[in-house]
Structures are given as structure tokens and as C-alpha cells.
Amino acid sequence: FGIYLHRHGNIDEALHAYSEAEALNPNLPELTYNMGLLHFDMQNYDKAREYATKAKSLGYPLKGLEKKLQRVVDKPSSASTAQEAMKPAIHESNPE
């Protein structure tokens, strides 16, 4: 049921459903993986990474969550990208 809620954008309800299921059996690989996906969508990347690592250790075969997390890690923040883009203009207007 948590998957249905998650896919339909009911994030808080999905978290509640997953948490209840996790309390009953914390070592289900698919549940662990889906909790990671939910935390990723909530932009809680540290928690998503924890669940991805646990799912992998439980033998979950899919790598999509790990790939999503890697893209977030490899993607420069918009602030740092903007700063890099502005460096030539700043240097031209304020030469040392």
C-alpha cells in the first residue's frame, strides 16, 4: 500500500505505511529499497543512502536508487554553478 501512496504523491501517508511495515519486519529488502526511494523523493539524501546500503546488504538486486543518489552527488549545486559562471564578469569589472 505504501508504494501506491508514494506513486500518487501521498508522501506523508506513504512514510507512515512504510514505517508500520518496517516495524513488523525491518529486514525486508524490497521495503527497505522503497523506503530509500521515498526518502530520496523527500530530498532526505542521507537517509536514502542508509536505506540503499541496507537494501544492498539484504540482497536487493536493483540499482536505481544508488544511481539516483550518485546523480545528486555528482550534480553541482546551482549556487556554485552560478558563482563559477560569474567569475569572468566579476574579474573584468574588478581587475586586481
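Residues numbered from 1 in each chain as written. Predicted model: local features only at pLDDT ≥ 70, side-chain atom pairs only at ≥ 80, totals over all residues. Heavy atoms only, no water.

J.: Can you help me understand empty space enclosed by the protein in this one?
T.: Over the atoms rolls a probe the size of a water molecule, and its path tells where empty space is left. Here the structure, examined in full by the defined rule, presents one cavity of 30 Å³ or more. By volume, the largest cavity amounts to about 40 Å³. Lining the largest cavity we find Tyr 33, Ala 52, Ala 55, Lys 56, Tyr 60, Leu 62, Leu 65 and Glu 66. Elements with a contribution of two residues or more to the lining of the largest cavity: α4 (45–57) and α5 (64–74). Ranked by residue count, the leading element in the lining of the largest cavity is α4, at three residues. (1 Å grid on protein atoms, 1.4 Å probe; cavity = no way out; pocket = protein on both sides within 12 Å on 5 of 7 lines; lining within 4 Å. Points joined across faces, edges and corners; volume = space filled by probe spheres on them. Helix = DSSP H or I, 4+ residues; strand = E, 2+ residues; numbered from the N terminus.)

J.: Would you mind showing me how to read the packing of aromatic side chains here?
T.: Tallied over the entire structure, the rule returns three aromatic pairs. Aromatic side chains Phe 1 and Tyr 4 sit 6.1 Å apart centroid to centroid with 15° between the ring planes, which places their arrangement in the stacked category. The exposed category is assigned to Phe 1, whose relative accessible area is 70%. With a relative accessible area of 48%, Tyr 4 lands in the partly exposed category. (Phe/Tyr/Trp six-rings, centres within 6.5 Å; stacked < 30°, edge-to-face > 60°. Buried < 20%, exposed > 50% of the residue type's maximum accessible area, 1.4 Å probe, protein only.)

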